[in-house]
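Fold and geometry: a report
Here's the letter readout for the chains.
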Amino acid sequence: MARIVMKFGGTSMAGIERIRRVAQIVKQQADAGHEVAVVVSAMAGDTDRLVNFCREASSLYDPAEYDVVVASGEQVTSGLLSIALQSLGAKARSWLGWQMPIRTIESHSKARIETIDAADLIQSMQDGQIAIIPGFQGISKDGRITTLGRGGSDTSAVAIAAAVKADRCDIYTDVDGVYTTDPRIVTKARKLKTVTFEEMLELASVGAKVLQTRSVGLAMKEGVRIQVLSSFTDESVNYTADDLPGTLIISEDEMETDDMERQLITGIAHDKNESKITLTRVPDKPGAVANIFEPLAEAAINVDMIVQNVGRDKGETDVTFTAPTVDLDKTMQVLEAAQPDIGYNRLISDSNVAKISVVGVGMKSHAGIASTMFKALADRGVNIQAITTSEIKVSVLIEEDYTELALRVLHTAYGLDSEDAT
Ligand code: ADP
Ligand code: ASP
Ligand code: MG
């Protein structure tokens, strides 16, 4: 017997028919004698709809009330899954964030989980009751509902798994594992049997939204065993089998003995949610760059890629960087206000860009990864606007319209194409 946390994403929960299928999958685990807690997302599209309602109501909405609104999608699906399980003859009940409680910091719309009091939950699981927990939500110290940022149900699931000391955290989604790149864009993408925490963390942080970045960091820290698999299977699939056909996220130590045919590059991700900002003719002198990025940091704007061009003859230079498109208006306002201190000439923004990143631990010991990327893109006429690297990642900024082409070309260039796909 094992203790399992299962998480079902938005498409898995989209409508009563899908929820019935989820109930069957959950019941299969309970019938096999496992203790089961289930974390659910809102129905696909519902959170977007709720976010838009807040924006429509007021562009300056109160983040605490935003959380009250957007957390409701998960409340609906947790109740519906409990009803569906009960109608299959299983014992099940929902546990809302405040009922456990899942305590978070106060930072509304992007809260972090601090503690989970799981004693009652564990007791009820031991009594054979399936616990259904709405993902994405928690409660702050002052008793108000918080949410964990978009895609946050993955993090809820990992946090619950850590709190109940689960043997596994199974993340069910609409693809059957983690692929070498988004399989909805590149048909030749290959499913990975295993990925290291480090690689998954990097892939998630550069746009592979199959897992929320924070869920991977938390799993790494707490030693939670994550498996990504699909809920879109027919009834013949036995989810209690030992060799489930998903992707297991493992530590680097486990990897060395596990996968002999490991590629240099594990995966390629894309992110269309950043914009490029350029300041022209910034004085080329000590402190100039600090004058740009200090006010942005004070405004809590996360700057990503930074390029400072070679100075011109008149002691001036151009500075380019990227920031999240949702923060673009704020970024422009901050920089306009800081113009007298910075002393730039023009401020230009471009949201028609995408960041493409290649990730792999094999990079640590191999040269030439970046140059393969630059050459493959150059051969197809794709211009690179900015570059950043880390120990296991190379990212480039390109025009957004070339995203699909770049992913396909790089996938082939690094020898990742699946043999059986067309
Ligand atoms: P859920 O609603 O279940 O949380 P998400 O939409 O958040 O699902 O994440 C699943 C999606 O992630 C897939 O449909 C796929 O398009 C996308 N994705 C991006 N990169 C990858 C990748 N490397 N492997 C698998 N899926 C990926
Ligand atoms: N429903 C939330 C969202 O769409 C959380 C999640 O699905 O993980 O972002
Ligand atoms: Mg998700």
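The written sequence of each chain sets the order in which its residues are numbered from 1. Chains carry letters from A onward and ligands carry numbers from 1 onward, assigned in written order. In keeping with the model being predicted, local features are shown solely for residues with a pLDDT of at least 70 and side-chain atom pairs are shown and tallied solely at 80 or more, while totals for entire chains, interfaces and linings include all residues. Computation of side-chain values covers all heavy atoms of the structure but excludes hydrogens and water.

**Digging into the sheet that holds strand E10 (residues 194–196)**
- Paired strands, in this sense, are two strands between which DSSP finds at least two bridges. We count a stretch as a helix when DSSP gives it H or I for four or more residues in a row; a strand needs E for two or more, and each element gets its number in order from the N terminus. Strand order in this open sheet of 8 strands is E3-E6-E2-E1-E9-E11-E12-E10, and the pairing throughout is mixed. The open sheet has two edge strands, strand E3 (92–94) and E10, and neither has a second partner. Across the sheet, the axes of successive neighbouring strands diverge by a mean angle of 20°, strand direction being ignored.
- Bridge count between strand E11 (residues 226–230) and strand E12 (residues 247–250): 3 bridges; the pairing is antiparallel. By the bridge assignment, Gln227 is partnered in E12 with Leu248.
- By the convention used here, residues are in contact when the closest approach between their heavy atoms is within 4.5 Å. Geometry is summarised by axes, namely lines fitted to C-alpha atoms with helices restricted to the contacting stretch, and by angles between N-to-C directions that run from 0 to 180 degrees. Contacts between helix H1 (residues 16–31) and the sheet are confined to strand E1 (3–8), strand E2 (35–40), strand E6 (130–134) and strand E9 (168–173), with E1 contributing the most and set at about 175° to the helix.
- Where helix H5 (residues 119–126) meets the sheet, its contacts fall on E1, E2 and E6, and the angle it forms with E2 comes to roughly 125°.

**Considering the site of ligand 1**
- Residues in contact with ligand 1 amount to 16 residues; listed here are only the nearest, Thr173, Asp174, Tyr179, Asp182 and Arg184.
- Polar contacts, as counted here, are pairs of nitrogen or oxygen atoms within 3.5 Å of one another; within protein the pair requires one atom able to donate a hydrogen and one able to accept it, and residues that are adjacent in sequence qualify only if both atoms are side-chain atoms. Contact between ligand 1 and Gly10: an oxygen atom at 3.0 Å from a main-chain N or O atom of the residue.
- Between ligand 1 and Asp174 there is a distance of 2.8 Å, counted from an oxygen atom to a side-chain nitrogen or oxygen.
- In the complex, 88% of the free accessible area of ligand 1, which totals 580 Å², lies under the protein chains. One heavy atom suffices: a residue is near a molecule or strand as soon as one of its heavy atoms comes within 4 Å of it. Methods summary: accessible areas were calculated by the Shrake-Rupley approach with a probe of 1.4 Å, and residue burial reflects only the protein chains presented.

**A word on the sheet that holds strand E14 (residues 274–283)**
- One open sheet holds the 4 strands; their spatial order is E15-E16-E14-E17, and the pairing between them is antiparallel. On the outer flanks of this sheet lie strand E15 (306–308) and strand E17 (347–350), each paired with one strand and no other. Between one strand axis and the next, the sheet turns through 15° on average, direction left out of account.
- In the sheet, E14 pairs with E17 via 4 bridges, with the strands oriented antiparallel. Residue pairing for E17: Ile277 is matched across the bridge by Ser349.
- On top of the sheet, helix H10 (residues 288–298) reaches E14, E15 and strand E16 (316–324); it is set at about 20° to E16, its chief contact.

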